[in-house]
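Residue-level listing of the chains:
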Amino acid sequence: MDIKPHIASIDNAWEQSALPVLEQYMAIPNISPAFDPDWQANGFMDQATELLANWCRTQPIRDMQLEIVRLEGRTPLIYIEIPGSSDRTVLCYGHLDKQPGMTGWREDLGPWQAVREGDKLYGRGGADDGYAVFAS
């Protein structure tokens, strides 16, 4: 099997679909409730949740069911179920909250701005947090 066309398709989907949304996600200062006691009032967690849930909804995954679960006093959860042909279950987990921006960013970089340099993407939450939905 020649996998080159598949790799090219995946690379194109990443560049055209996933990466722009990941960059938007990085711009949202959705700080962990441990560092932002007003996280609910600020609305950043809801903004990040809706952004990533909406991206998931646009994916051509047959029979995918997506629900945003909200419990009082807790950060929202994007729950996705995709039926398969096995009797086994696979669980993929990620989280949407980020650590504070901290200091030490280069002058032309910052926690809430996505900056691409070659094949690297700088900004808070790009390698963890919101990236989990794309990896899953």
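Before any of the text, the structure's been laid out above.
Criteria and cut-off values
- Residues numbered from 1 in each chain as written.
- Predicted model: local features only at pLDDT ≥ 70, side-chain atom pairs only at ≥ 80, totals over all residues.
- Heavy atoms only, no water.
- Helix = DSSP H or I, 4+ residues; strand = E, 2+ residues; numbered from the N terminus.
- Buried < 20%, exposed > 50% of the residue type's maximum accessible area, 1.4 Å probe, protein only.
- Contact = heavy atoms within 4.5 Å.
- Areas by Shrake-Rupley, 256 points an atom, 1.4 Å probe, with all protein chains shown as cover.
- Lys, Arg positive; Asp, Glu negative; His and termini not counted.
- Charge placed at Lys NZ, Arg CZ, Asp CG, Glu CD.
- Disulfide = S-S within 2.5 Å.
- Polar contact = N/O pair within 3.5 Å; in protein donor to acceptor, adjacent residues only side chain to side chain.
- Bend = angle between axes of the 7 residues up to and from the residue.

1. Thoughts on the overall build of the protein chain
Then step 1. Across its full length, the protein chain holds four helices and four strands.
Then step 2. Sorting the 136 residues of the protein chain into buried and exposed places 31% on the buried side.
Then step 3. For the protein chain, the proportion of contacts with a sequence separation of at least 24, taken over those separated by at least 6, is 56%.
Then step 4. When the accessible surface of the protein chain is totalled, it reaches about 9,500 Å², and 51% of it is carbon and sulfur.
Then step 5. Averaging the positions of the 11 positive and the 20 negative side-chain charges in the protein chain gives two centres separated by 4 Å.

2. Brief notes about unusual backbone geometry
Then step 1. Backbone geometry places Asp 63, a non-glycine residue, at a positive phi of 65 degrees.
Then step 2. Locating Asp 63 in the fold gives a position in the loop between helix 3 (44-57) and strand 1 (65-69).
Then step 3. Although it is not a glycine, Met 102 sits at a positive phi angle of roughly 60 degrees.
Then step 4. For Met 102, the position within the fold is in the loop between strand 2 (77-81) and strand 3 (115-117).

3. What to know about the state of the cysteines
Then step 1. As enumerated under the stated definition, the model contains zero disulfides in all.
Then step 2. Cysteine Cys 56 shares no disulfide, and the gap to the nearest cysteine sulfur, in Cys 92, comes to 11 Å.
Then step 3. Assessed through its relative accessible area of 4%, Cys 56 is described here as buried.
Then step 4. By relative accessible area, Cys 92 is classed as partly exposed at 48%.

4. So, the side chain of Lys 98
Then step 1. Examined against the element boundaries, Lys 98 turns out to sit in the loop between strand 2 and strand 3.
Then step 2. In this structure the side chain of Lys 98 is engaged in a polar contact, spanning 2.7 Å, whose partner is the backbone oxygen of Tyr 25.
Then step 3. A distance of 3.3 Å separates a polar atom in the side chain of Lys 98 from the backbone oxygen of Met 26.
Then step 4. Residues contacting Lys 98, with those up to four places away along its chain left out, are Tyr 25, Met 26, Ala 27, Ile 28, Asn 30, Ile 31, Ser 32, Trp 112, Arg 124, Gly 125 and Asp 129.

5. Comments concerning helix 1 (residues 4-26)
Then step 1. Of all the bends found along helix 1, the most pronounced is centred on Ala 18 and spans about 40 degrees, while Pro 20, a proline, follows it within four residues.
Then step 2. Residues Ala 18, Leu 19, Val 21, Leu 22, Tyr 25 and Met 26 constitute the buried set of helix 1.
Then step 3. Buried residues in helix 1 make contact with helix 3, strand 3, strand 4 (120-122) and helix 4 (131-135).

Interpretation in functional terms is not warranted from these geometric data alone.
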